[in-house]
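# Survey of secondary and tertiary structure
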Amino acid sequence: MNILKTTASRFLRLPNITSNFKYATAVETASKPQEVNEPIDKLYKTIELELRGNDSAVLNSFAKFATTAGKHLDVQSKSWNMRKPVHEKFTVLKSVHIYKKHRVQYEFRTYFTFVQYKHLTGSTADTLLEYVERNIPEGVALKATKVELQLLPDHLEPPKAE
């Protein structure tokens with residue numbers, strides 16, 4: 001019981017910590033001139049995710065997750081399976097030294113799924129891609145392709161109407 005009292009009294013005697021941070025009021029911030037040097041947010045026409053995996057059920061589940069995440073952020077999204085799965089077969093000898101008749105076959109299957117997002121801003125795209133990348137399950141590879149919209153360069157002019 002005595003130990004508890006001494007431990008509690010030690011924690012109760014913490015030093016006071018003060019801060020020199022000054023909070024700005026609305027009047028102070030309104031009187032100061034503000035310079036707007038923020039970079040213009042990028043615009044993306046489409047962002048396409050290519051998902052590769054060795055288990056079709058996991059891949060389809062993750063594609064559904066990625067489409068749902070896009071819909072929660074009010075982004076047009078869809079997914080599809082365009083490519084056929086790739087089957088690679090390897091034949092090796094069972095024994096290291098002899099018995100050429102006895103062989104074993106191994107097969108690797110790679111499934112493909114695509115997810116596409118349309119009409120995104122740069123900040124939304126960064127947020128969405130980071131969220132999707134952090135939740136990738138094991139055995140799934142992700143490749144993101146972005147199509148960015150840009151202004152025409154100054155040296156190009158629109159055709160003149162005659």
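Up top is the structure.
Here goes a summary of the coordinates provided. (Residues numbered from 1 in each chain as written. Predicted model: local features only at pLDDT ≥ 70, side-chain atom pairs only at ≥ 80, totals over all residues. Heavy atoms only, no water.)

## Concerning the environment of Trp80
- Summarising the element assignment, Trp80 is placed in strand 2 (residues 76-80).
- Judged by its relative accessible area of 24%, Trp80 falls in the partly exposed class.
- As a C-alpha pair, Trp80 and Thr113 span 33 residues in sequence and 5.9 Å in three-dimensional space.
- Once you skip the residues sitting within four places of it in the chain, Trp80 turns out to touch Glu48, Thr113, Phe114 and Gln116. (Helix = DSSP H or I, 4+ residues; strand = E, 2+ residues; numbered from the N terminus. Buried < 20%, exposed > 50% of the residue type's maximum accessible area, 1.4 Å probe, protein only. Contact = heavy atoms within 4.5 Å.)

## Focus on helix 4 (residues 122-134)
- Here helix 4 is 13 residues long and its end C-alpha atoms lie 18 Å apart, about the 18 Å a rise of 1.5 Å per residue gives.
- Every buried residue of helix 4 is listed here: Gly122, Ala125, Leu128, Leu129 and Val132. Burial along helix 4 is one-sided: seen end-on, the buried residues are contained in an arc of 130°. (Expected span 1.5 Å × (residues − 1). Arc of directions from axis to C-beta.)

## Points about the nonpolar core
- If you look at the biggest cluster of nonpolar residues, it comprises 19 residues, and the most contacted ones within it are Ile47, Leu49, Leu51, Val115, Tyr117 and Leu120.
- Secondary structure elements with two or more residues in this core: strand 1 (43-53), helix 3 (56-72), strand 4 (103-121) and helix 4.
- With five residues, the top contributor of residues to this core is helix 3.
- For Val115, the residues in contact, after removing those within four places along its chain, are Ile47, Glu48, Leu49, Leu51, Ala63, Ala66, Lys78 and Ser79. (Core = buried A, V, L, I, M, F, W, Y, C linked by side-chain atoms within 4.5 Å.)

## Focus on the environment of Tyr44
- For Tyr44, the location among the structural elements is in strand 1.
- Distance from Tyr44 to Gly122, taken between C-alpha atoms, is 7.0 Å for residues 78 residues apart in sequence.
- If we skip the residues at most four places from it in the chain, Tyr44 touches His119, Leu120, Thr121, Gly122, Ala125, Lys146, Val147, Glu148 and Leu149.

## Observations concerning helix 3
- For helix 3, with 17 residues, the first-to-last C-alpha span of 24 Å sits near the 24 Å given by 1.5 Å per residue.
- On its buried face, helix 3 sits against strand 1, strand 2, strand 4, helix 4 and strand 5 (140-149).
- Following helix 3 by one or two positions, Asp74 adopts a phi angle in the positive range, close to 60°.

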